[in-house]
Structures are given as structure tokens and as C-alpha cells.
Amino acid sequence: LPLLLEATLLQLASGSYHPFYNGFYYNHIMNDKGNGQEKVVSFNGAKLVVETPKDPVYSSSGANVTLPCHYHYEPDLEAKRKIRIKWSKLRDDYTKEQDVLVAIGKTYLAFGDFRGRAHLHQTGRREASLVVSDVRLQDDGKYRCEVIDGLEDESDVVDLRLQGIVFPYQPPRGQYRLNFHEAEQVCQEQGAILATFNQLFQAWSEGLDWCNAGWLADGTVQYPIRQTRKPCGGLHLAPGIRSYGPRHRHLHRFDAFCFSSALKGEVFYLDRPAGMTLEEAKQ
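This report concerns the structure included in the present document. (Residues numbered from 1 in each chain as written. Predicted model: local features only at pLDDT ≥ 70, side-chain atom pairs only at ≥ 80, totals over all residues. Heavy atoms only, no water.)

**Structural notes on the sheet that holds strand β4 (residues 57-59)**
The condition is simple: Pairing between two strands is assigned when DSSP locates at least 2 bridges connecting them. Put simply, DSSP marks the helices as runs of H or I at least four residues long and the strands as runs of E at least two long, and each gets a number from the N terminus on. The axes used here are C-alpha line fits, helices contributing only the stretch in contact, and every angle between their N-to-C directions lies in the interval 0 to 180 degrees.
Spatial ordering of the open sheet is given by β4-β13-β12-β7-β8-β9, a layout of six strands whose pairing is mixed. A strand with exactly one partner marks an edge of an open sheet, and here the two such strands are β4 and β9 (107-110). Pairs of neighbouring strands in the sheet enclose a mean axial angle of 25°, with direction left out of account. The pairing of strand β8 (residues 97-104) with β9 spans four bridges and is classified as antiparallel. Looking at the pairing, L101 lines up with A110 of β9.

If you want it as C-alpha cells, here you go:
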């Protein structure tokens, strides 16, 4: 028995042994260079390629949206294959994923807030597109389309952006009274959520200039400046998004930047840094 076990392990370690076959061939090449890498897996045969649009996909609250994703093989394989598809929502820094949907063939399972709202769109050959209905403000962000065929696993990312408006919020009791959790709450009370940095940057590029610092969805505190002035970081700094970085979510207090895509109408950013009277604001 020991001799048989040793012979089996030697066969597993050899380059001529194929531990898995699904139309592809895999070689395990042992590394003897002493650089800490135990093995390198090389792939011989058809290459799996996943493709998604490079430009963002735009939608709005309450709408339905399709996130395109297609895959193919190089060289092409005609035989029908048993593919597993997985969609995940990513954080901006790619450090954490939220499961959205997994599917094998026509059987799929959606997770969390996407349950009942997400399904696959597979009308075309080798299509793995994701359909999300009744889009919510929280759906804004990056999504990974992952296609798994046996040991092959390839993915690409789709950027879903909600069209809407970023607005600063200051509570009636005065400036800088909100910790992070209170800022989340007041935005929800306005039918909105805390804005992301990308949403704040878009608003700044469209004209938003606001000297008061506010919470963003990632727990940082920032504010957009288009006209440099002494009270807002000084005259020596260029226009842009000024950042205080991450702040303590319970102890530190600021205003909030909220985002909503449900508002209708046209938006005007007024160039009145000195403020307005009530009558001027009404006008």
C-alpha cells in the first residue's frame, strides 16, 4: 500500500498527468527555482474570454437595466458546455464583493436585495448578461461578471451609474451636527442615500461648489470647490474635491452629501457664495 500511494503521488506531480478534463488540458509544472512559489499552472488549449462594455451603463431609480456580458473561446469550441455564471457587486476599492446571482444553465439563484429583481438575459449564444429590475439607489456601482468552465475562471467588470443629483444637507439645528449614521438617516428621510465619491465628483464637474464638508458613503468627509477662496481651504489650492479622509463614524460630526435619482426637473447651481435672504431663495 505505501508503494502504491507513493506511485500515485508521483503521477499526480508529473507534468503528464491531467487532473481534470473538460475539453481543456492543464499541466502542473513544479517550480525548482526556490523562489517560494510551489507550482505554476499552465493552460493548453482553448482560451476562455469574457467581455463587458468599457463605458458605464446608465440608469435611474425605478427603471430596468441590462448589464451586458458575453464570453467566447479562442479558438472557438462548437460543443455545448456546462457553464457556471456568477455576478457580484464590488466596492470601489475592489476589497469586498456582494453576491448578486449565480446560475448553471437556466437555473439561477439571486441573493439579498437582488432576490426577485435579478435574472439572466441569455437570448444570444454565450451571453451572460444580468437584468436588474426596479433599480434602487444602492445599485449604483461596479459589477463583476464571472464565467466558470471547469478549472477555467475568467471575469470582467461593468460599471452601473445612476443618473441623478447630489445635494448638500445641513440639519435645521446648525452646521456640522451629524455623525455618519445620522447622515445616512437624514438622506433616507429625503428619499436619497449618501453620495459616493464618483457621484460627488460628477456633481462638481457640473458646477457644484460647496464650502461645508460632508459625509460620503465610504465614511470619508469631503467637499467640492470650484472657486478657490480663503475660507474654503485657502487661495493656494486648486479647485477640486477637498478631502478630510476617513473620519470616526460615531464621534466626528459634519454635514452630508446626499444622492437621489428620483427628482424631476432642471437643476441650477446659483453663484451666491455669500448666501441669500429667504425672499431671494424663494425667487
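**Structural notes on the nonpolar core**
To be explicit about the condition: To qualify as a nonpolar core, a set must consist of buried Ala, Val, Leu, Ile, Met, Phe, Trp, Tyr and Cys residues joined through side-chain atoms within 4.5 Å. Categorising residues by exposure relies on relative accessible area from a 1.4 Å probe, with only protein chains included: less than 20% of the type maximum marks a residue as buried, more than 50% marks it as exposed, and the intermediate range marks it as partly exposed. In what follows, residue pairs with any heavy atoms lying within 4.5 Å of each other are defined as contacts.
The biggest cluster of nonpolar side chains holds 57 residues, and the ones touching the most others in it are L67, Y71, W87, V100, L101, L130 and V166. Y71 has contacts with L48, V49, V50, I83, R126, E127, A128 and V147, leaving out every residue within four places of it along the chain.

**Here we look at the state of the cysteines**
Rules: For the purposes of this analysis, a disulfide is any pair of cysteine sulfur atoms at a distance within 2.5 Å.
Under the counting rule described, the total for this entry stands at three disulfides. At a sulfur-sulfur separation of 2.0 Å, the disulfide partner of C187 is C258. Of note, the bridge from C187 to C258 carries an S-S torsion of about -80° and is left-handed in sense. Of this pair, C187 sits in helix α2 (residues 180-189) while C258 sits in strand β19 (residues 255-260), and the two are 71 residues apart along the sequence.

**Concerning the packing of aromatic side chains**
Here is the rule we go by: For Phe, Tyr and Trp, where Trp contributes only its six-membered ring, two rings pair if their centres lie within 6.5 Å, and the inter-plane angle classes them as stacked under 30 degrees, edge-to-face over 60, or tilted in between.
If you walk through the whole model with that rule in mind, you get nine aromatic pairs. Where F201 meets W204, the ring centres are 5.4 Å apart and the plane angle is 40°; that geometry is what we call tilted. Pair noted here: F201 and W204 are both in helix α3 (residues 197-205), with a separation of three residues, about one helical turn. Exposure remark for W204: the relative accessible area of 17% places this residue in the buried category. These aromatic residues form a ring-pair network of at least three members: Y176, F180, W215, Y223, Y244 and F254.

**Re the environment of P224**
Here P224 is to be found in strand β17 (residues 220-225). Taking the C-alpha atoms as reference points, P224 and A203, separated by 21 residues in sequence, lie 8.5 Å from one another. In this view, P224 contacts L200, W204, L208, D209, W210, G240, I241 and F257; residues no more than four positions away in its chain are not counted.

**Section: the side chain of D149**
Definition in use: Between N or O atoms, a polar contact is any pair within 3.5 Å; within protein, one atom must be a potential hydrogen donor and the other a potential acceptor, and residues adjacent in sequence are included only when both atoms are from side chains.
Mapped onto the elements, D149 comes out in strand β12 (residues 141-149). Of the polar contacts made by the side chain of D149, one reaches the side chain of R81; its length is 2.5 Å.

**Points about the environment of I85**
Along the chain, the position of I85 falls in strand β7 (residues 84-90). In this structure the C-alpha to C-alpha distance between I85 and L120, which are 35 residues apart in sequence, comes to 9.3 Å. Apart from the residues lying within four places of it in its own chain, the contact partners of I85 are L101, V102, A103, L120, Q122, A128 and E146.

**Some thoughts on α3**
Structurally, the α-helix is built with 3.6 residues per turn, so residues lying three or four positions apart point the same way. Defined as follows: As used here, the arc belongs to the directions running from the helix axis to the C-beta atoms.
Within the span of α3, buried status applies to Q199, L200, A203 and W204. Down the axis, α3 shows its buried residues gathered within 140° of arc, on one side only. On its buried face, α3 is in contact with β14 (165-169), β15 (193-194), β17, β18 (240-246) and β19. Two residues or fewer after α3 comes G207, characterised by a positive phi angle close to 130°.

**What about the layout of surface pockets?**
Applicable threshold: Cavity and pocket criteria rest on a 1 Å grid covering protein atoms alone: a 1.4 Å probe that fits but cannot get out defines a cavity, protein on both sides within 12 Å along at least 5 of 7 lines defines an open pocket, and an atom within 4 Å of a point defines a lining residue. Grid points are joined across faces, edges and corners, and a volume is the space filled by probe spheres set on the points. Think of it as three bins: nonpolar holds Ala, Val, Leu, Ile, Met, Phe, Trp, Tyr, Cys and Pro, charged holds Asp, Glu, Lys and Arg, and polar takes everything else, Gly as well. Either an automatic procedure or a domain database provided the assignment from which the domain bounds are taken.
Each pocket or cavity is described by its volume, and for the largest pocket that value is around 1400 Å³. In terms of lining residues, the largest pocket is bounded by 45 residues, among which K89, D92, D140, T196 and A217 are the most central. Among the secondary structure elements, those contributing two or more residues to the lining of the largest pocket are β7, β8, β12, β13 (152-162), β14, α2, β15 and α3. The element contributing the most residues to the lining of the largest pocket is α3, with six residues. Along the lines of polarity and charge, the residues of the lining of the largest pocket split into 17 nonpolar, ten polar and 18 charged. The residue makeup of the lining of the largest pocket includes at least three contributed by each of domain 1 (47-162) and domain 2 (164-261).

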